[in-house]
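This is what each chain is made of:
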Amino acid sequence: MNHLDVFVPAFGLLAVGAVLRRSLLREDAVWAGIERLVFWVLMPALLTSAIASVDLAALPLGRMALAIWLALLAGTAVSVALARAAGLDHASMTSVLQGGIRFNNLMGFAVTGGLFGAAGTALGAVATGLIVPVVQTITILAFALAPNTGRRIAPGRVLRQLALNPLMLGVVAGFAMAALGGLPAGLNPLMRTLGQAAVALGLLCVGAALSPGALRGRPVVQAATCLIKLGLMPLLTLWFGRALGLDPLSLAVALVFMALPTATTSYVMARAMGGDAPLMAALITTEHLLSVLTLPLWIALLGLGGP
């Protein structure tokens, strides 16, 4: 397989988005509207249509979940330890945590779909369904535990945020449709077409959100966080996956999704919930730039998608 056919579209869309943001489409409202469309409509359609095509009986769901969740818990512990060792305050710690465990699933779908076709997209949707609730719960709890703010952990609020997350709704709908034998005729091509638009538009938005000017702040913390997200997390996933006996395709998809840079929505969350937004912007940009090297390297070293 020519891996240029996989990575040039994925990273090229980031570059095109960055150019469009600074030339043709400079208005913030344009990108905000596209982001809402992707988050609330296109991504749920992609998740629903992809998971609905999965044969649940043949899916190693338990082992895949365990490999991903163990890696996420380990990444959480290492990220918090890094923040404490660096003497960061709570706000900065939440940004390091988001940089260490959150992921850009749109890039994951572009890569796994290019490498493995429909099977890669379907397993990518399953991986998203396994990662999102754990990551959302951890990050919400991290913000709620901020000292001297008077905030209290409200289990009902956490559950409500998870239940109303459009990505989780898409995942649940997909598993329900898979259990019923797939999406009905007519609805399946509609949902699949909407889902196909999610990756291209979403990656354009990611590119538009990158901020090279943010790279100057705290380079040591940035480098260490990138090492956790782009190096340690996929390494742990590989180790746990092999120990649990995951099949090659499931292991490959899990590893790719855990090797992705952090989500650009991490900046929105940091700004809205009292995190260190400038550090978050720097981590988002740094991780996306470095992933141009690390993600193809993981795939090349492990021979994923090859003959």
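Colleague: I tried to follow the nonpolar core on my own but got confused; where do I start?
Modeller: One recurring pattern in soluble globular proteins is that nonpolar side chains are buried together. By size, the foremost hydrophobic cluster in this structure holds 83 residues, and its most contacted members are Met43, Met64, Ile68, Val111 and Leu295. If one sorts the elements of this core by residue count, helix 5 (residues 105–144) sits on top with 17 residues. Grouped together as the second largest cluster of nonpolar side chains are six residues, Ile140, Phe143, Leu162 and Met269 included.

Colleague: Where do I start with a nonpolar patch on the surface in this structure?
Modeller: On the surface, Leu37, Phe39, Trp40 and Val41 cluster together into a nonpolar patch covering about 370 Å² of accessible area. Mapped onto the secondary structure, Phe39 falls in helix 2 (residues 28–52).

Colleague: I tried to follow helix 10 (residues 248–258) on my own but got confused; where do I start?
Modeller: With nine of eleven residues buried, helix 10 lies mostly within the body of the structure. For helix 10, the complete set of buried residues consists of Ser250, Leu251, Ala252, Val253, Ala254, Leu255, Val256, Phe257 and Met258. If you follow the buried residues of helix 10, they end up packed against helix 3 (61–85), helix 5, helix 9 (219–243) and helix 12 (277–302).

Colleague: How should I be thinking about the side chain of Thr285 in this particular structure?
Modeller: Locating Thr285 in the fold gives a position in helix 12. For Thr285, a relative accessible area of 2% gives the class buried. In this structure the side chain of Thr285 is engaged in a polar contact, spanning 3.0 Å, whose partner is the backbone oxygen of Ala281.

Colleague: Help me understand helix 4 (residues 90–101), please; the structure alone is not making it clear to me.
Modeller: Helical geometry note: an α-helix holds 3.6 residues per turn, so side chains three or four residues apart project in the same direction. For helix 4, spanning twelve residues, the distance from its first C-alpha to its last is 17 Å, which sits close to the expected 16 Å at 1.5 Å a residue. With ten of twelve residues buried, helix 4 is to be regarded as a mostly interior element. Of all the positions in helix 4, only Ser92, Met93, Thr94, Ser95, Val96, Leu97, Gln98, Gly99, Gly100 and Ile101 are classed as buried. For helix 4, the elements touching its buried residues are helix 3, helix 5, helix 9, helix 11 (265–272) and helix 12.

Colleague: Quick question: what am I supposed to make of the confidence of the model for the chain here?
Modeller: As a note on interpretation, predicted positions should not be read in detail where pLDDT is low. When the pLDDT values of the chain are averaged, the result is 89; 95% of them are 70 or greater. Model confidence for the chain, summarised as mean pLDDT per element, is weakest for helix 6 (residues 155–163) at 74 and strongest for helix 3 at 96.

Colleague: Explanation requested: the side chain of Thr128 in the structure shown.
Modeller: For Thr128, the position within the fold is in helix 5. Accessibility expressed as a relative area gives 0% for Thr128, which makes it buried. Not counting residues up to four positions away in its chain, the partners in contact with Thr128 are Leu47, Phe103, Asn105, Phe109, Pro133 and Phe257.

Colleague: In this structure, what is going on with the packing of helix 2 against helix 5? I would like to understand it.
Modeller: A packed helix pair is summarised by two numbers, namely the angle formed by the two axes and the spacing between the axes. Here helix 2 crosses helix 5 at 100°, and the two axes come no closer than 9 Å. Between helix 2 and helix 5, the interaxial angle falls into the category roughly perpendicular. Residues Val38, Met43, Leu46, Leu47, Ala50 and Ile51 of helix 2 form the contact with helix 5, whose own contacting residues are Asn105, Leu106, Phe109, Thr121, Ala122, Ala125, Val126 and Thr128. Classifying every residue of the contact of helix 2 with helix 5 by side-chain character gives eleven nonpolar, three polar and no charged.

Reading the values: the criteria
Residues numbered from 1 in each chain as written. Predicted model: local features only at pLDDT ≥ 70, side-chain atom pairs only at ≥ 80, totals over all residues. Heavy atoms only, no water. Core = buried A, V, L, I, M, F, W, Y, C linked by side-chain atoms within 4.5 Å. Buried < 20%, exposed > 50% of the residue type's maximum accessible area, 1.4 Å probe, protein only. Helix = DSSP H or I, 4+ residues; strand = E, 2+ residues; numbered from the N terminus. Patch = residues over 30% accessible without salt bridge, like charges linked within 9 Å, V, L, I, M, F, W, Y side chains within 5 Å. Areas by Shrake-Rupley, 256 points an atom, 1.4 Å probe, with all protein chains shown as cover. Salt bridge = Lys/Arg side-chain N within 4 Å of Asp/Glu carboxyl O. Contact = heavy atoms within 4.5 Å. Polar contact = N/O pair within 3.5 Å; in protein donor to acceptor, adjacent residues only side chain to side chain. Expected span 1.5 Å × (residues − 1). pLDDT = per-residue confidence, 0-100. Axes fitted to C-alpha atoms, helices over the stretch in contact; angles between N-to-C directions. Parallel < 35°, antiparallel > 145°, perpendicular 65-115°, else oblique. Nonpolar A, V, L, I, M, F, W, Y, C, P; charged D, E, K, R; others polar.

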